[in-house]
Amino acid sequence: MKSLIKAILLSQACAIGALAQPTPQLTQNYWNSQDFIDRFMGAYGFDGDIEPSVNEEEAAVLRDTVSPLLQSGQIDAAIQQLASALTPDSSAAMDFTLGNMFYQKAQYGRARQYYRQAINKFKNFLRAYKFLAVVDVQDGRYDSAIQSFLKVIELGQGDALTYGMLGFCYMNKEQFGAAESAYRDAILLNPDELDFRNGLIQCLYEAGRYAEAITLLEDAILADPTKVQYWIMQTQALTNTKQFQRAIGNLEMIKRMGLATASTANLLGELYLNESLYDSALGAFKLALESKEKLRNIDYIRIAQTFLAIGSYSEAEEYVTSLEGTLDLDNDQKILVLNIKSDIYLDTDRRAEASEILQELIGRDPSNGPALLSLAEYNWDEMKYEQAAFYYERATKLEDFAAEAYLDFAQMRAAQKKYADAIPLLREHLRIKPSTRVTRYLENLERAAAQAAANEASS
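Calculation notes
- Per chain, residues are indexed from 1 in the order of the written sequence.
- Per-residue local features of the predicted model are confined to residues with pLDDT of at least 70, and side-chain atom pairs are confined, for both listing and counting, to 80 or more; whole-chain, interface and lining totals are unaffected and use all residues.
- The side-chain figures draw on all heavy atoms in the structure; neither hydrogens nor water molecules are used.
- Helix and strand assignments follow DSSP, with helices taken as H or I runs no shorter than four residues and strands as E runs no shorter than two, numbered in order from the N terminus.
- Type-normalised accessible area, obtained with a 1.4 Å probe on protein chains alone, sets the label of each residue: buried when under 20%, exposed when over 50%, and partly exposed for intermediate values.
- Here the accessible surface of atoms and residues is derived via Shrake-Rupley with a 1.4 Å probe, and residues count as covered only by protein chains that are part of the display.
- To define a nonpolar core, start from buried Ala, Val, Leu, Ile, Met, Phe, Trp, Tyr and Cys residues and group those joined through side-chain atoms within 4.5 Å.
- We call two residues in contact when some of their heavy atoms are within 4.5 Å.
- N or O atoms within 3.5 Å of each other form a polar contact, as long as, within protein, one can give a hydrogen and the other can take it, and as long as residues adjacent in sequence are counted only when both atoms are side-chain atoms.
- Each reported salt bridge corresponds to a side-chain nitrogen of Lys or Arg within 4 Å of a carboxyl oxygen of Asp or Glu.
- pLDDT is a residue-level measure of predictor confidence that goes from 0 to 100.
- Every helix has an expected span of 1.5 Å times one less than the residues it contains.
- Classification of ring pairs uses Phe, Tyr and Trp, with its six-membered ring standing for Trp, and accepts pairs whose centres are within 6.5 Å; under 30 degrees between planes counts as stacked, over 60 as edge-to-face, and the remaining range as tilted.
- Helix axes use the C-alpha atoms of the stretch in contact, all axes being lines fitted to C-alpha atoms, and the angles between their N-to-C directions lie in the range 0 to 180 degrees.
- The cut-offs work like this: below 35 degrees is roughly parallel, past 145 is roughly antiparallel, 65 to 115 is roughly perpendicular, and the gaps in between are oblique.
- When the near helix sits turned anticlockwise from the far one by under a right angle, the crossing is termed left-handed; a clockwise turn instead gives a right-handed crossing.
- Any residue outside Ala, Val, Leu, Ile, Met, Phe, Trp, Tyr, Cys, Pro, Asp, Glu, Lys and Arg is labelled polar, Gly included; the first ten of those are nonpolar and the last four are charged.

1. A word on the overall build of the chain
Thinking step 1. The number of helices and strands found in the chain is 25 helices and 0 strands.
Thinking step 2. Across the 459 residues that make up the chain, the buried fraction comes to 47%.
Thinking step 3. Element-wise, carbon and sulfur atoms account for 49% of the exposed surface of the chain, whose accessible area totals about 22500 Å².

2. Thoughts on the nonpolar core
Thinking step 1. Counting 67 residues, the largest nonpolar core has Phe-149, Tyr-300, Phe-307, Tyr-319 and Leu-323 as the members making the most contacts within it.
Thinking step 2. Ignoring any residue separated from it by four or fewer positions in sequence, one finds Leu-323 in contact with Leu-289, Tyr-300, Ile-301, Leu-329 and Val-337.
Thinking step 3. Judged by nonpolar contacts, the second largest core, of 38 residues, contains Ala-376, Leu-407, Ala-414 and Leu-445.

3. Examining the side chain of Ser-91
Thinking step 1. As for its position among the elements, Ser-91 is in the loop between helix H4 (75–85) and helix H5 (92–104).
Thinking step 2. Here Ser-91 falls in the buried class, since its relative accessible area comes to 11%.
Thinking step 3. Engagement of the side chain of Ser-91 in a polar contact is seen with the backbone oxygen of Ser-53, the distance being 2.6 Å.
Thinking step 4. With near-sequence residues (within four places) excluded, Ser-91 lies in contact with Pro-52, Ser-53, Val-54, Glu-58 and Lys-121.

4. Things to note about the pattern of salt bridges
Thinking step 1. A full pass over the atoms with the stated rule returns 24 salt bridges.
Thinking step 2. Close ionic contact of Lys-121 with Asp-95 constitutes a salt bridge, the shortest N to O distance being 2.8 Å. Remark: Asp-95 occurs in helix H5 and Lys-121 occurs in helix H6 (residues 108–121); sequence separation between them is 26 residues.
Thinking step 3. Ionic pairing is found between Glu-428 and Arg-431, a salt bridge with its closest N-O pair at 2.8 Å. Taken as a pair, Glu-428 and Arg-431 lie in helix H24 (residues 419–432) at a separation of 3 residues, close to a single helical turn.

5. Looking at the environment of Gln-107
Thinking step 1. Within the fold, Gln-107 resides in the loop between H5 and H6.
Thinking step 2. Note on Gln-107: relative accessible area 31%, which makes it partly exposed.
Thinking step 3. The spatial distance from the C-alpha of Gln-107 to the C-alpha of Val-135 is 9.4 Å, given a sequence separation of 28 residues.

6. Topic: the confidence of the model for the chain
Reading predicted coordinates in detail is not appropriate for stretches of low pLDDT.
Thinking step 1. Mean pLDDT over the chain: 88, with 89% of residues reaching 70 or higher.
Thinking step 2. Between residues 1–20, whose pLDDT stays under 50, and residues either more than four places distant or in other chains, the model counts 24 contacts.

7. Comments concerning helix H25 (residues 436–458)
Thinking step 1. With 23 residues, H25 should reach 33 Å at 1.5 Å per residue; the first-to-last C-alpha distance of 33 Å fits that figure.
Thinking step 2. Of the positions making up H25, those classed as buried are Val-438, Leu-442, Leu-445 and Ala-449.
Thinking step 3. Between a side-chain oxygen at the N-terminus of H25 and the backbone nitrogen of Arg-437 the separation is 3.4 Å; the capping residue is Ser-435.

8. Side note on the packing of aromatic side chains
Geometrically, a pair of aromatic rings is defined through the distance of the ring centres and the angle of the planes.
Thinking step 1. Per the stated rule, a full pass over the model turns up 15 aromatic pairs.
Thinking step 2. Relative to Phe-125, the ring of Phe-122 has its centre 6.1 Å away and its plane inclined at 80 degrees; by these criteria the two rings are edge-to-face.
Thinking step 3. You can call Phe-122 partly exposed: its relative accessible area is 24%.
Thinking step 4. Ring centres of Tyr-205 and Tyr-210 lie 5.3 Å apart, and the angle between their planes is 70 degrees; on these two criteria the pair is classed as edge-to-face.
Thinking step 5. Tyr-210 sits in the partly exposed class, given a relative accessible area of 23%.
Thinking step 6. Of the aromatic side chains, those joined through ring pairs into one cluster are Phe-96, Tyr-103, Tyr-108, Tyr-115, Phe-122, Phe-125 and Phe-131.

9. Examining the environment of Arg-110
Thinking step 1. Inspection of the secondary structure assignment puts Arg-110 in helix H6.
Thinking step 2. Note on Arg-110: relative accessible area 36%, which makes it partly exposed.
Thinking step 3. When the C-alpha positions of Arg-110 and Asn-100 are compared, they lie 9.6 Å apart, and in sequence the two are 10 residues distant.

10. Remarks on the packing of helix H19 (residues 331–347) against helix H20 (residues 351–364)
Thinking step 1. Viewed as axis vectors pointing N to C, H19 and H20 meet at an angle of 160 degrees, and their least axial separation amounts to 8 Å. Considered as vectors, H19 and H20 are oriented roughly antiparallel to each other. Judged by the sense of rotation from one axis to the other, the crossing of H19 with H20 is left-handed. Of the residues in H20, those touching H19 at Asn-331, Lys-334, Ile-335, Leu-338, Asn-339, Lys-341, Ser-342, Tyr-345 and Leu-346 are Arg-351, Glu-353, Ala-354, Ile-357, Leu-358, Glu-360, Leu-361 and Arg-364.
Thinking step 2. Of the residues belonging to the contact of H19 with H20, the class tally is 8 nonpolar, 3 polar and 6 charged.

11. Quick look at the environment of Gln-117
Thinking step 1. Looking at where Gln-117 falls in the secondary structure, it is placed in helix H6.
Thinking step 2. In sequence terms Gln-117 and Phe-96 are 21 residues apart; their C-alpha atoms lie 7.9 Å from each other.

12. Observations regarding unusual backbone geometry
Thinking step 1. Positive phi, close to 60 degrees, is recorded for Lys-242, a residue that is not glycine.
Thinking step 2. Position of Lys-242 relative to the elements: it lies in the loop between helix H13 (228–240) and helix H14 (244–256).
Thinking step 3. Since its relative accessible area comes to 66%, Lys-242 is described here as exposed.
Thinking step 4. Located in the positive-phi region is Met-383, a residue other than glycine, with phi close to 60 degrees.

13. Things to note about the side chain of Asp-95
Thinking step 1. Given the relative accessible area of 1%, Asp-95 is considered buried.
Thinking step 2. In this structure the side chain of Asp-95 is engaged in a polar contact, spanning 2.8 Å, whose partner is the side chain of Gln-117.
Thinking step 3. In this structure, Asp-95 is in contact with Leu-86, Ser-90, Tyr-114, Gln-117, Ala-118 and Lys-121, ignoring residues within four places of it in sequence.

Take a look at the structure:
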């Protein structure tokens, strides 16, 4: 069982295609840039050919009532005044302006309502489509946003920003072909906008076109080598194409620049493990452990479990020592670490040290079946049979370990030639876990017990 568990852990540790480091989102701040949005939306004025005008009465409301309130920061009062002035026959520009006020208050649902009212009144209201698109993106309504962006392009506003934002929406819909086309159009119109290049890189990566992403990321890294996200994304693209040495080189460069984090150091450790460079992996994992920004405690514990699983005992022991001196572990986590330590000592034949750890482990977790069985085995080897029997009996009370405990207990009694004691233990084992092999073993013990009784009677 122990070897099976270790094999599973090893397979997990070496699954470099699914590294723990999340894929960086190069476009994640796209909509947090007010400058970017302002450039897209433009000024608040109106183009008479594709946007509505206001009559003299409406202009007076905007100029004499609404504008002074806005200038003095009284946006709620301005909303109230403008809303009371709206009628079904009001200019679409009035609805649009009210939508803008709700947008400024981040009340996107109300803003959307008035932008749509404005569009219903004036079918080719370019600015309303632009604002509606932005509101929909910020609410994650990408289908609706795409339709608005396409309308903006139809109305003649097919500039770089519009195509870039359209690409962003398509990528979030995982329509990578359309996203790529939109980003390439945006780059063609404005090759200096980094967000468009980042969006194209992200699109190629998400579409699994790693070789192309690696090439574009090479240029991005040369342009800004301090942006860790580029290095990480290229590293992951390299691992996905099994270029592990280049991936290691990337992460080592991050480390040399002093930009390593717990996540990048952990990723470096995993790559070194994949290359069977255990000492280098240990150094990287210890760097992750010492980092100011921490991973979850369980992530560090799994690293120790991985070293144990691959039989790298000296690295496992050194790492566990560092782990215990660095992290504030809760009781469950301390139990996991004690299990690792006991396995290290048992697997390196340091049985007395293992016994001490197992005793502490059972003190923290009285129902720890593996620890009880290991302690029983240790005492059996030391010929402390009654102490071993004590631990076997405790293990038989645990449902998941009872069958194994009964079998091992019976084997110990048989080794002592206490066949009469071993037989009922084997029967209990067979009751829980029927087995032809163990049945034959029971029959042999019964014959041995009968022979021993006969010998005793004749003596």
